[in-house]
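Analysis of the macromolecular model
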Amino acid sequence: MRDLRISLVQGATRWHDPAGNRDYYGHLIASLRGITDLVLLPETFTSGFSNDAIGDAETMDGPTVGWIREQAAKLGAAVAGSVQLRTDDGVFNRLLFATPDGELQTYDKRHLFRYAKEHERYAAGRERLTVEWKGWRICPMVCYDLRFPVFSRNRFDVERPGALDFDLLLYVANWPAARAYPWKTLLRARAIENLCYVAGLNRVGSDGNGLSYSGDSAVIDFLGHPISECTDEEVVVTTTLQAAELAAHRERFPAMLDGDSFELR
């Protein structure tokens, strides 16, 4: 593993405006070419978090999948964010992880936000995803997943012999300002318990449902310390994750060797 540069793109997503959001986020990330390895966009970055956006859900052959692949190629970096995508099995809140070589991997949000009735209209994913990028093992998740630590548990000697499943845990979100304290607290908890870096990317502004978003995007180290933190404004910030420091912490404090075995259903 070498050090990894990660960029948080904390924007004010336009309400139900896929083309406008592609232009907006494309403008925000255009200057990142050559200075980052991984770009994070918010949850449902083409529409905002809306049950009504299901009617305009694209397919995997639609413009947003093509757009995110194009952005990864232009930037020479991986680009990740979630959108509503329609398949034969329903419409998923699907995270796309695109790399410059044209590869695209996906993760479907497992935990649907019952409080906003997301579970009544969208289909839930089942499987966790681990992506290999630049020598790092990365586990991307979506918003409400943050509240479920078992699903994000970093297991030892399961996916990799003699090692932890992943090195970096990602959360892309539309997390309202009213619940900002849990967002900030749980990002730190996930980093500490999983002996990994955590990056949480949230949006700012307000949406068509009248909800306000305070951003609070952050990159957290394995001790729960923030390496970078955003406030409530539109911002693009790039942070370097130190591979050697992560390895040294795991060697010095090998809590993973005492973890519980479990089966997830």
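One can find the structure itself at the top, above this paragraph.
The notes below deal with the structure included here. Here, residues in each chain are numbered from 1, in the same order as that chain's written sequence. Side-chain atom pairs in this predicted model are given and counted only at pLDDT of 80 or more, local residue features only at pLDDT of at least 70, and totals for whole chains, interfaces and linings cover all residues. Hydrogens and waters are ignored; side-chain quantities use all the structure's heavy atoms.

Take the overall build of the chain next. Strands here are runs of E lasting at least two residues and helices are runs of H or I lasting at least four, both read from the DSSP assignment and numbered beginning at the N terminus. Within the chain, the secondary structure is distributed over four helices and 16 strands. For the radius of gyration, the atoms used are the C-alpha atoms, and the globule rule reads 2.2 Å times the number of residues raised to 0.38. Whereas a compact globule of 265 residues would reach a radius of gyration of roughly 18 Å, the chain reaches 17 Å, a difference of no more than 12%. Viewed in the frame of its principal axes, the chain has a C-alpha envelope of about 50 × 40 × 35 Å. Burial analysis of the chain (265 residues in total) assigns 55% to the buried set. Residue pairs in contact within the chain that sit at least 24 positions apart in sequence constitute 70% of those at least 6 positions apart. For every accessible area listed, the method is Shrake-Rupley and the probe measures 1.4 Å; residues are considered covered only by the protein chains on display. Of the roughly 11500 Å² of accessible surface on the chain, 48% is carried by carbon and sulfur atoms. For the chain, the separation between the mean place of its 30 positive charges and that of its 37 negative charges on side chains is 2 Å. Only protein chains enter the area calculation, which uses a 1.4 Å probe; residues under 20% of their type maximum are buried, those over 50% are exposed, and those in between are partly exposed. The contact criterion used is simple: two residues touch if any of their non-hydrogen atoms lie within 4.5 Å. For the purpose of charge, His is not counted, nor are the chain termini; Lys and Arg are scored as positive and Asp and Glu as negative. A charge is said to be at NZ when it belongs to Lys, at CZ for Arg, at CG for Asp and at CD for Glu.

Another aspect to go through is helix α2 (residues 63-75). A turn of α-helix holds 3.6 residues, and therefore any two residues three or four places apart point the same way. Working rule for helices: expected span equals 1.5 Å times residues minus one. For α2, which comprises 13 residues, the first-to-last C-alpha distance of 18 Å matches the rise-based estimate of 18 Å (1.5 Å per residue) to within 8%. What α2 keeps buried is the set T64, V65, W67, I68, Q71, A72 and L75. Each buried residue of α2 sits inside an arc of 160° when the element is viewed along its axis, so together they form one side. Once α2 finishes, G76 follows within two positions and takes phi at roughly 65°, a positive value. Arc definition: directions from the helix axis to the C-beta atoms.

Looking now at helix α1 (residues 18-29). Between its first and last C-alpha atoms α1 spans 16 Å; for 12 residues at 1.5 Å apiece the expected length is 16 Å, and the two agree. Restricting attention to buried positions, one finds in α1 the residues N21, R22, Y24, Y25, G26, L28 and I29.

Whenever a carboxyl oxygen of Asp or Glu lies within 4 Å of a side-chain nitrogen of Lys or Arg, that contact is scored as a salt bridge. As enumerated under the stated definition, the model contains 18 salt bridges in all. Taking the shortest distance from any N to any O, the salt bridge between R155 and E159 comes out at 3.1 Å. Take R155: its relative accessible area is 26%, and that puts it in the partly exposed class. The exposure class of E159 is partly exposed, given its relative accessible area of 32%. In this structure, the salt-bridge partner of R160 is D167, at a minimum N-O distance of 3.1 Å.

Residue position: D207 is located in the loop between β12 (204-206) and β13 (212-214). For D207, which is buried and forms no salt bridge, the nearest opposite charge comes from R203, at a distance of 5.0 Å. Polar contacts, as counted here, are pairs of nitrogen or oxygen atoms within 3.5 Å of one another; within protein the pair requires one atom able to donate a hydrogen and one able to accept it, and residues that are adjacent in sequence qualify only if both atoms are side-chain atoms. At 2.6 Å, the side chain of D207 and the side chain of Y213 are in polar contact. With sequence-adjacent residues up to four places away left out, D207 is seen in contact with W15, F49 and Y213.

This paragraph deals with a nonpolar patch on the surface. To count toward a patch, a residue needs a relative accessible area above 30% and no salt bridge. Like charges then connect within 9 Å, nonpolar side chains (Val, Leu, Ile, Met, Phe, Trp, Tyr) within 5 Å. A cluster of nonpolar side chains, namely V150, F262 and L264, defines an oily patch on the protein surface of about 250 Å² accessible area. Residue F262 is classed as partly exposed on the basis of its relative accessible area, which comes to 36%.

With that settled, the discussion passes to the sheet that holds strand β16 (residues 235-241). Any two strands are treated as partners once DSSP identifies two or more bridges connecting them. Strand order in the open sheet made by the six strands is β5-β4-β3-β2-β1-β16, with mixed pairing throughout. Two strands in the sheet have a free side with no partner beyond their single neighbour: β5 (104-108) and β16. Averaged over all neighbouring strand pairs, the angle between strand axes comes to 30°, with direction disregarded. An axis is simply a line fitted to the C-alpha atoms; with a helix, the fit covers only the stretch in contact. Between two such axes, the angle follows the N-to-C directions and lies from 0 to 180 degrees.

Ring pairs shown here join Phe, Tyr and Trp side chains whose ring centres sit within 6.5 Å, with only the six-membered ring taken for Trp; geometry is labelled stacked below 30 degrees between planes, edge-to-face above 60, and tilted in between. Applying the stated criterion across every chain yields a total of 10 aromatic pairs. An angle of 45° between the planes, with centres 5.7 Å apart, marks the rings of F113 and Y115 as tilted. Members of the aromatic cluster, each reached through a chain of ring pairs, are Y24, Y25, F45 and W67.

The six strands are arranged β6-β7-β10-β11-β14-β15 in an open sheet whose pairing can be described as mixed. Since the sheet does not close on itself, it has two edges, and those belong to β6 (131-133) and β15 (226-229), each with one partner. On average, adjacent strands in this sheet sit at an angle of 20° to one another, irrespective of strand direction. Relative to strand β10 (residues 168-172), strand β7 (residues 136-142) runs parallel, the two being bridged by five bridges. Counterpart to V142 in the pairing with β10 is V172. Packing against the sheet, helix α3 (residues 180-194) makes contact with β10, β11 (197-201), β14 (218-220) and β15, and its axis sits at approximately 155° to β11.

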